Amino acid sequence: MNSATTGARRFRRSALLGAVVATALGGGAILAACGSGGQGGGADAGGPARLSVADSYIPLPPAGGMGAGYLTVRNDGGADELVKVTSPAAESVTMHRSTASTMEQVTSLDVPAHGALQLARGGTHLMIMGWQKAPALGDELEFDLTFAKSGTISVKVPVKELTYRPGQS
């Protein structure tokens, strides 16, 4: 064998060994980042959710008609999921997601760790049907929000004028 062939083989072996080492180290870094314990956002994602509800409202629905409900679920803890909404004021409360051309009922909505689930006009919202009594401006209706991990939270949701937007006067 000549020295050029021997040098080429050494180079290929070194390159192959370097690739193997780099892959092993990279894989270890990925596993460390995905592991539990330690510092960082990933560690809290498995902890308990710390939920609160803000900016809740129902625009005044037409007499006898279905209504919509909007609110924000804030989460200062681990991930959770909104799985059910009920109200003694209505026969049915369902969760929906709107897109540019459709509206579909969904069975659950994610509440991200250290984030928020926002139910807002033109997006994810509640559909309220079968009112026990027609809501009036200023009424506060009770809703029970049931989460996969955190149980049920009861909130009072005010009925506002049709043009109401949270944060605007």
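A word on the packing of aromatic side chains. With the rule as written, the count across this model stands at two aromatic pairs. On the numbers, 5.2 Å between centres and 40 degrees between planes, the contact of Tyr57 with Tyr70 is tilted. Placement of Tyr57 in strand S1 (residues 51–59) and of Tyr70 in strand S2 (residues 67–75) is noted, with a sequence separation of 13 residues between them. A relative accessible area of 3% places Tyr57 in the buried class. Judged by its relative accessible area of 10%, Tyr70 is buried. Among the aromatic residues, ring-to-ring pairing joins Tyr57, Tyr70 and Tyr164 into one connected group. Seen from the ring of Tyr164, Lys160 lies directly overhead, with NZ or CZ sitting 5.0 Å from the centre.

Before going further, it helps to examine the pattern of salt bridges. According to the stated counting rule, one finds three salt bridges in the structure shown. Between Glu104 and Arg97 there is a salt bridge, and its shortest N-O distance comes to 3.9 Å. A salt bridge links Asp139 to Lys133; the shortest N-O distance between them is 3.9 Å.

To continue, consider the side chain of Ser56. Residue placement: Ser56 occurs in strand S1. By relative accessible area, Ser56 is classed as buried at 17%. Leaving out residues up to four positions away in the same chain, Ser56 has contacts with Tyr70, Leu71, Lys156, Val157 and Pro158.

This brings us to unusual backbone geometry. One non-glycine residue, Asp55, lies in the positive phi region at around 55 degrees. Along the chain, Asp55 falls in strand S1. Here Asp55 falls in the partly exposed class, since its relative accessible area comes to 41%. The backbone of His114 sits at a positive phi, close to 50 degrees, despite the residue not being glycine.

Turning to the nonpolar core, a few remarks are in order. Counting 26 residues, the largest nonpolar core has Ile58, Leu82, Val85 and Phe143 as the members making the most contacts within it. Here this core gets four residues from one element, more than from any other, and that element is strand S9 (residues 140–147). Leu82 has contacts with Met95, Thr107, Ser108, Leu109, Val111, Leu117, Leu145, Thr146 and Phe147, leaving out every residue within four places of it along the chain.

Next up on the list: the environment of Gly122. Mapped onto the elements, Gly122 comes out in the loop between strand S7 (116–119) and strand S8 (124–131). On the basis of relative accessibility, which here comes to 70%, the residue Gly122 falls in the exposed class. Separated by 22 residues in sequence, Gly122 and Ala100 place their C-alpha atoms 8.4 Å apart.

A separate point is the pairing of strand S4 (residues 90–98). As paired strands, S4 and S8 are joined by seven bridges and run antiparallel to one another. The residue of S8 that forms the bridge with Val93 is Ile128. Across four bridges, the pairing between S4 and strand S5 (residues 103–106) is antiparallel. The residue of S5 that forms the bridge with His96 is Gln105. Two successive antiparallel strands, S4 and S5, enclose a turn made up of four residues.

Cut-offs used in this document
- Residues numbered from 1 in each chain as written.
- Predicted model: local features only at pLDDT ≥ 70, side-chain atom pairs only at ≥ 80, totals over all residues.
- Heavy atoms only, no water.
- Phe/Tyr/Trp six-rings, centres within 6.5 Å; stacked < 30°, edge-to-face > 60°.
- Helix = DSSP H or I, 4+ residues; strand = E, 2+ residues; numbered from the N terminus.
- Buried < 20%, exposed > 50% of the residue type's maximum accessible area, 1.4 Å probe, protein only.
- Lys NZ or Arg CZ within 6 Å of the ring centre and 35° of its normal.
- Salt bridge = Lys/Arg side-chain N within 4 Å of Asp/Glu carboxyl O.
- Contact = heavy atoms within 4.5 Å.
- Core = buried A, V, L, I, M, F, W, Y, C linked by side-chain atoms within 4.5 Å.
- Pairing = 2+ DSSP bridges.

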